[in-house]
Amino acid sequence: MHINISKLEALGWDDWFEEQARASCGPADGVGRVAAVDRDQLLLLNEDGTFRAKLSGKYMYQSGSSTELPCVGDWVCLERSPADAFGMVHGVLARKTSLRRKAAGESVELQMIAANIDVVIVVQSCHYDFNLKRLERYLVMARDGRATPCVLLTKTDLVEPAFVSALVAQIGSAGIDVPVMTLSSVTQDGMADLRRALKPGKTYCFVGSSGVGKSTLINGLVGHEVLETKTVSGTGEGRHTTVRRELIVLANGAMVIDNPGMREFGVLGASGGIEASYADIAARSGHCQFRDCTHTNEPGCAVLHALALGEIDAAHYENYLKLKRESEYHQLSYVEKRKKDKDFGRFLKSAKKDLEED
Ligand SMILES: Nc1nc2c(ncn2[C@@H]2O[C@H](COP(=O)(O)OP(=O)(O)OP(=O)(O)O)[C@@H](O)[C@H]2O)c(=O)[nH]1
Ligand SMILES: [Mg+2]
Ligand SMILES: [Zn+2]
């Protein structure tokens, strides 16, 4: 399949990026959008089609942290003559939106999932995967990165229709204010609605646990197998089938990003995302007696008052406190670590200078 992209606009390019390019690209540089990252090699898309590129050594050397390196969805400045098979990437343009998480495991680092996405589609399966608390984590980070979140419940063929409706109702009554779609890749129920929701020139990032059917549904959107999915007879239970992030342009011009399943989705420094995700709580907090109210035990707390009246869902409130604590806790060690890294960098520089001066 070859999709003819005559203009960069079809890939999401606009005046805002044009301005970023003027500020950070060389006069002779072209631009491209990152479709995939394989170690130090990038797969790029632009009006010339698909091609490979490498990061210039200078750029790699200058990057302070891994979040500054190109990720799927990024726009990059590049140099490429018609004779070159490879492009050379000099820099990454500022990101309009992004999806990040706290890197899995002990380390307190941010990990880029994707950049310049319009909508984050959080995928959960109706069959043993549905979890409101996990859902809220994704929504917080999506909003923190200024992307619009929505929810997609998959594998509806494996449960009763009434069960699906109950899950959708549960999301609504938990105070989660996002659109919810449902889908079965087996019966194709909901496929037309999903297709309609994906607009040309916009980018959609599918995230969720392993095995919920992300790659299967993207294959369904494309119309044939472009992504590997878990085979029914496979013995690799719990194994992650998708191992890399990949941006795919659909025939209608919408762009979709497939992701490997994620076991953990930690929040870090996401106060903006938390405020946006818990709008019902944020709206009340303006009426608390104390400006720095933590909504836990203060007198005159409007949030606790609404909670007592049952106007705010109790589980929603508990998760709000939990995510806020987690985000602030991680933020503290993150700032601490960045400062240490910086101090160490300064130390190295001064040590080097001492040597040079000797
Ligand atoms: N019954 C049913 N099975 C489905 C549906 N969608 C996907 N599956 C099956 O679920 C399994 C996992 O699907 P994948 O598409 O590989 O899941 P994934 O979310 O991409 O998983 P990772 O790549 O590991 O993150 C496969 O065996 C699919 O055939 C569905 O709507 N109904
Ligand atoms: Mg997959
Ligand atoms: Zn309060």
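Located above this text is the structure these notes cover.
Everything numeric here is computed off the predicted structure, so don't read it as measured data.

It is worth spelling out the overall build of the chain at this point. Regarding its fold elements, the chain presents 10 helices and 13 strands. The C-alpha radius of gyration computed for the chain amounts to 23 Å, which stays within 12% of the reference 21 Å derived for 358 residues, consistent with globular compactness. Judged by the C-alpha coordinates and their principal axes, the chain covers about 65 × 60 × 45 Å. Taking all 358 residues of the chain together, the buried fraction comes to 45%. Put simply, of all contacts in the chain between residues at least 6 apart along the chain, 66% involve residues at least 24 apart. Accessible area for the chain stands at about 18800 Å²; split by element, carbon and sulfur atoms hold 53% of it. Charged side chains in the chain number 43 positive and 47 negative. The centres of these two groups are separated by 1 Å.

Within the protein, the atoms that donate to the zinc ion (ligand 3) are Cys 288 (SG), Cys 293 (SG), His 295 (ND1) and Cys 301 (SG), at distances of 2.1 to 2.4 Å. Considering all 4 donor atoms around the zinc ion (ligand 3), the spread of angles at the metal, 104 to 115°, places the coordination shape in the tetrahedral class. According to the relative accessible area criterion, His 295 is buried, its value standing at 4%. Residue class for Cys 301 comes out buried when judged on its relative accessible area of 5%.

Let's shift gears to the sheet that holds strand 2 (residues 41–46). Around the barrel, which closes on itself, the 5 strands sit in the order 1-2-3-5-4 with mixed pairing between neighbours. The average angle at which neighbouring strand axes cross in this sheet is 55°, direction not considered. As defined by bridge partners, strand 2 adjoins strand 3 (residues 49–55) across 6 bridges and the pair is classed as antiparallel. Considered in strand 3, the bridge of Asn 46 is made with Gly 49.

What follows is about a negative patch on the surface. Residues Glu 9, Asp 15, Glu 18 and Glu 19 make up a contiguous surface patch of negative charge. For Glu 18, the position within the fold is in helix 1 (residues 15–24). Taking the relative accessible area as the measure of exposure, Glu 18 reaches 36% and is therefore partly exposed.

Below, the discussion takes up the environment of Ala 192. Its location among the elements puts Ala 192 in helix 5 (residues 191–197). When the C-alpha atoms of Ala 192 and Leu 221 are compared, they prove to be 9.5 Å apart, with 29 residues separating the residues in sequence.

For the coordinates displayed, the defined rule picks out 6 aromatic pairs. Measuring from centroid to centroid gives 6.0 Å for Trp 13 and Phe 17, while their planes differ by 25°, and the two rings are stacked. Residue class for Phe 17 comes out buried when judged on its relative accessible area of 3%. Ring geometry for Phe 17 and Trp 75: centres 6.1 Å apart, planes at 45°, overall tilted. Pair noted here: Phe 17 is in helix 1 and Trp 75 is in strand 4 (residues 75–79), with a separation of 58 residues, a long-range link. Joined through ring pairs, the aromatic side chains of Trp 13, Trp 16, Phe 17 and Trp 75 make up one cluster. A cation over a ring is seen here: Lys 54 above Phe 86, with NZ or CZ 4.8 Å from the ring centre. When the ring centre of Phe 51 is taken as reference, the NZ or CZ atom of Arg 80 above it lies at 4.0 Å.

What follows is about the state of the cysteines. Per the counting criterion, the structure on display carries 1 disulfide. A sulfur-sulfur distance of 2.1 Å marks the disulfide that ties Cys 25 to Cys 77. Negative torsions about the S-S bond denote left-handed disulfides, and the value of about -75° found for Cys 25 with Cys 77 makes this one left-handed. Here Cys 25, found in the loop between helix 1 and strand 1 (30–38), pairs with Cys 77, found in strand 4; they are 52 residues apart in sequence, far enough to count as distant. Just as Cys 25 is buried, Cys 77 falls in that class too. There is no disulfide at Cys 205, and the cysteine sulfur nearest it, in Cys 71, is 9.3 Å away. Cys 205 sits in the buried class, given a relative accessible area of 0%.

Cut-offs and rules
Residues numbered from 1 in each chain as written. Chains lettered and ligands numbered in written order. Predicted model: local features only at pLDDT ≥ 70, side-chain atom pairs only at ≥ 80, totals over all residues. Heavy atoms only, no water. Helix = DSSP H or I, 4+ residues; strand = E, 2+ residues; numbered from the N terminus. Rg over C-alpha atoms; globule rule 2.2 N^0.38 Å. Buried < 20%, exposed > 50% of the residue type's maximum accessible area, 1.4 Å probe, protein only. Contact = heavy atoms within 4.5 Å. Areas by Shrake-Rupley, 256 points an atom, 1.4 Å probe, with all protein chains shown as cover. Lys, Arg positive; Asp, Glu negative; His and termini not counted. Charge placed at Lys NZ, Arg CZ, Asp CG, Glu CD. Donors = N, O, S within 2.8 Å, 3.2 Å for Na, K, Ca; no water. Tetrahedral: all angles 85-135°; square planar, octahedral: opposite > 155°, others 65-115°. Pairing = 2+ DSSP bridges. Axes fitted to C-alpha atoms, helices over the stretch in contact; angles between N-to-C directions. Patch = residues over 30% accessible without salt bridge, like charges linked within 9 Å, V, L, I, M, F, W, Y side chains within 5 Å. Salt bridge = Lys/Arg side-chain N within 4 Å of Asp/Glu carboxyl O. Phe/Tyr/Trp six-rings, centres within 6.5 Å; stacked < 30°, edge-to-face > 60°. Lys NZ or Arg CZ within 6 Å of the ring centre and 35° of its normal. Disulfide = S-S within 2.5 Å.

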